[in-house]
Amino acid sequence: PGEYEIAGSFYGEQAAAFKDGTWYLVDAAGNASATAFEDIKMDLYNCHIQNGIILAKENGKYHMYDTELQRIGDFSADDVDICIDLEGIAFKKGDLWGFADSQGNVLVEPAYAGAKSFANGYAAVCNADGLWGVINSRYELVIDYAYLSVSYFSSAETSWVSTFEGTVQLMKFMFE
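Residues numbered from 1 in each chain as written. Predicted model: local features only at pLDDT ≥ 70, side-chain atom pairs only at ≥ 80, totals over all residues. Heavy atoms only, no water.

Draft legend 1. Structural view of the pairing of strand β9 (residues 89-93). Two strands pair when backbone bridges link them, and strand β8 (residues 79-80) and β9 are joined in this way by two bridges, in the antiparallel orientation. Among the inter-strand pairings, Val80 is bridged to a residue of β9, identified as Phe91. The sheet contact formed by β9 and strand β10 (residues 96-100) spans five bridges and is antiparallel. The partner of Ile89 across the bridge, within β10, is Ala100. (Pairing = 2+ DSSP bridges. Helix = DSSP H or I, 4+ residues; strand = E, 2+ residues; numbered from the N terminus.)

Listed below in structure tokens is the structure:
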């Protein structure tokens, strides 16, 4: 207790922990791995492993790693979103966002001002005007750009959205 400034949830025998500006993977005794990162993306449950991959920043770029900390492919990005499911992970290169699969293959070249990773078949995307809409797994816009923010979709096709500054509401969308 108190040895790390931030600590995530354990997955198997490890958790991500932050100390002195650096992220490590630590075991139950608090021993840090030799591998250190500038950042590790944590999922909604504060876990560092998301669908079998770790999204971490090393030498100024985010990469994908397996659970043994071996880099997956040659994927690199300026920023990444968390991996909700394996349909597409939002990533940023330059000023734009696109989508990649869990092997680091680009599914959609960066073309959006903002994006959230796919969750339950849908992903929120932002246009140049700062408004959010939603695409489906075929990358078709199925909800027009009309929201200040859109969160991840649940299996019940619901998402938290904001239509006015300072407000958030849970909306159920009906898709065909």
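That was the structure; now back to the text.
Draft legend 2. Up close: unusual backbone geometry. At Leu69, a residue that is not glycine, the phi angle is positive and equals roughly 65°. Here Leu69 is to be found in the loop between β7 (61-65) and β8. Exposure remark for Leu69: the relative accessible area of 18% places this residue in the buried category. The phi dihedral of Glu157 falls on the positive side, at around 60°, and the residue is not glycine. (Buried < 20%, exposed > 50% of the residue type's maximum accessible area, 1.4 Å probe, protein only.)

Draft legend 3. Local environment of the environment of Phe10. Structurally, Phe10 is set in the loop between β1 (6-7) and β2 (15-19). Dropping the residues within four chain positions of it, Phe10 is found in contact with Ala15, Val26, Asp27 and Ala28. (Contact = heavy atoms within 4.5 Å.)

Draft legend 4. Quick look at the pairing of strand β18 (residues 169-172). For strand β17 (residues 158-162) and β18, the ladder comprises four bridges, and the chain directions are antiparallel. Within β18, the position partnered with Val161 by the bridge is Gln169. The antiparallel hairpin formed by β17 and β18 contains six residues in its connecting segment, where Gly166 sits at a positive phi of about 85°.

Draft legend 5. A look at the side chain of Lys41. Note that Lys41 resides in the loop between β5 (39-40) and β6 (54-58). Residue classification places Lys41 among the buried residues on the basis of a relative accessible area of 18%. Reaching out from Lys41, the side chain makes a polar contact with the side chain of Asp79 at a distance of 3.1 Å. A polar contact is formed between the side chain of Lys41 and the backbone oxygen of Val80, at a distance of 3.2 Å. (Polar contact = N/O pair within 3.5 Å; in protein donor to acceptor, adjacent residues only side chain to side chain.)

Draft legend 6. Here's a closer look at a nonpolar patch on the surface. On the surface, a cluster of nonpolar side chains totalling about 330 Å² of accessible area is made up of Trp160, Val168 and Leu170. The residue Trp160 is located in strand β17 in this model. A residue is classified by how much of its surface remains accessible, and Trp160, at 47% relative accessible area, is partly exposed. (Patch = residues over 30% accessible without salt bridge, like charges linked within 9 Å, V, L, I, M, F, W, Y side chains within 5 Å. Areas by Shrake-Rupley, 256 points an atom, 1.4 Å probe, with all protein chains shown as cover. Salt bridge = Lys/Arg side-chain N within 4 Å of Asp/Glu carboxyl O.)

Draft legend 7. Inspection of the sheet that holds strand β13 (residues 122-126) at higher detail. Taken in spatial order, the four strands of this open sheet run β12-β13-β14-β15, and their pairing is antiparallel. Each edge of the open sheet carries a strand with a single partner, namely β12 (114-115) and β15 (141-147). Across five bridges, the pairing between β13 and strand β14 (residues 132-136) is antiparallel. By the bridge assignment, Tyr122 is partnered in β14 with Asn136.

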